[in-house]
Structure formats: C-alpha cells, structure tokens
Amino acid sequence: MGGPNLEVFKFGMYIMFPIAIMYYYGTNLDRRFSVPDFWPKPEQTNRIPFEKEEIHSELERLRQRRLYLREKRLEQDKAARRGEGENGGSS
C-alpha cells in the first residue's frame, strides 16, 4: 500500500482532472466549436410583409403559385388518364 502522499496525489487527481477538462472545453468555445456560415444571413431569410401593399402582393404571388401548381397537377392527371386508357383496355 502507498502512504499518505499517494492518497493526497490521488485526491488531487480526482479533483483536478474534471476541473481541467471543463477548463479546456470551456475556454474559446466560439473559436473551437464554431461552424462558419451556420446561421443564414438576414438577406437569405424570409421577410414578413408588414405594409398593406406588401401583404396584398404576397397573397397574389401565393395565389398565382397555387394556381400554377394546380394546372400542372391537372395536366399530369390528364396525361396519366390518357396513358391508362390506351394501355388498360386490352387486359
């Protein structure tokens, strides 16, 4: 068995090891663990309209997009039905 000096050394290690690890990882966090360009810049994010004209223009843009997607979906449905009609009758 070791003497009292060994016990003091072990106690010091038990106390200092977690403190040293926390100090190492706790300093310079911004530089050590940062990911460049992680958050989008303000010009890359969505901008909420506050003015009445902006709200109306945004609603019109969304309406046009919805109608465009609806037309596209209807054309695909028509093409799919035409394809079924040609191939499905000879089973």
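Above: the structure in question.
Values in this document were obtained by computation on a predicted structure and should not be read as measured data.

Draft legend 1. Region of the structure containing the overall build of the protein chain. Scanning the protein chain from terminus to terminus reveals 3 helices and 0 strands. The C-alpha radius of gyration computed for the protein chain amounts to 33 Å, which surpasses the reference 12 Å derived for 91 residues by more than 25%, pointing to a less compact arrangement than a globule. Its C-alpha atoms give the protein chain principal-axis dimensions of about 95 × 55 × 20 Å. Element-wise, carbon and sulfur atoms account for 60% of the exposed surface of the protein chain, whose accessible area totals about 9400 Å². Looking at charge distribution, the protein chain has the averaged site of its 16 positive side-chain charges lying 2 Å from that of its 14 negative ones.

Draft legend 2. Molecular detail of a nonpolar patch on the surface. A cluster of nonpolar side chains, contributed by Phe11, Tyr14, Ile15, Met16, Ile19 and Met22, occupies part of the molecular surface with about 700 Å² of accessible area. Accessibility expressed as a relative area gives 56% for phenylalanine 11, which makes it exposed.

The rules we used
- Residues numbered from 1 in each chain as written.
- Predicted model: local features only at pLDDT ≥ 70, side-chain atom pairs only at ≥ 80, totals over all residues.
- Heavy atoms only, no water.
- Helix = DSSP H or I, 4+ residues; strand = E, 2+ residues; numbered from the N terminus.
- Rg over C-alpha atoms; globule rule 2.2 N^0.38 Å.
- Areas by Shrake-Rupley, 256 points an atom, 1.4 Å probe, with all protein chains shown as cover.
- Lys, Arg positive; Asp, Glu negative; His and termini not counted.
- Charge placed at Lys NZ, Arg CZ, Asp CG, Glu CD.
- Patch = residues over 30% accessible without salt bridge, like charges linked within 9 Å, V, L, I, M, F, W, Y side chains within 5 Å.
- Salt bridge = Lys/Arg side-chain N within 4 Å of Asp/Glu carboxyl O.
- Buried < 20%, exposed > 50% of the residue type's maximum accessible area, 1.4 Å probe, protein only.

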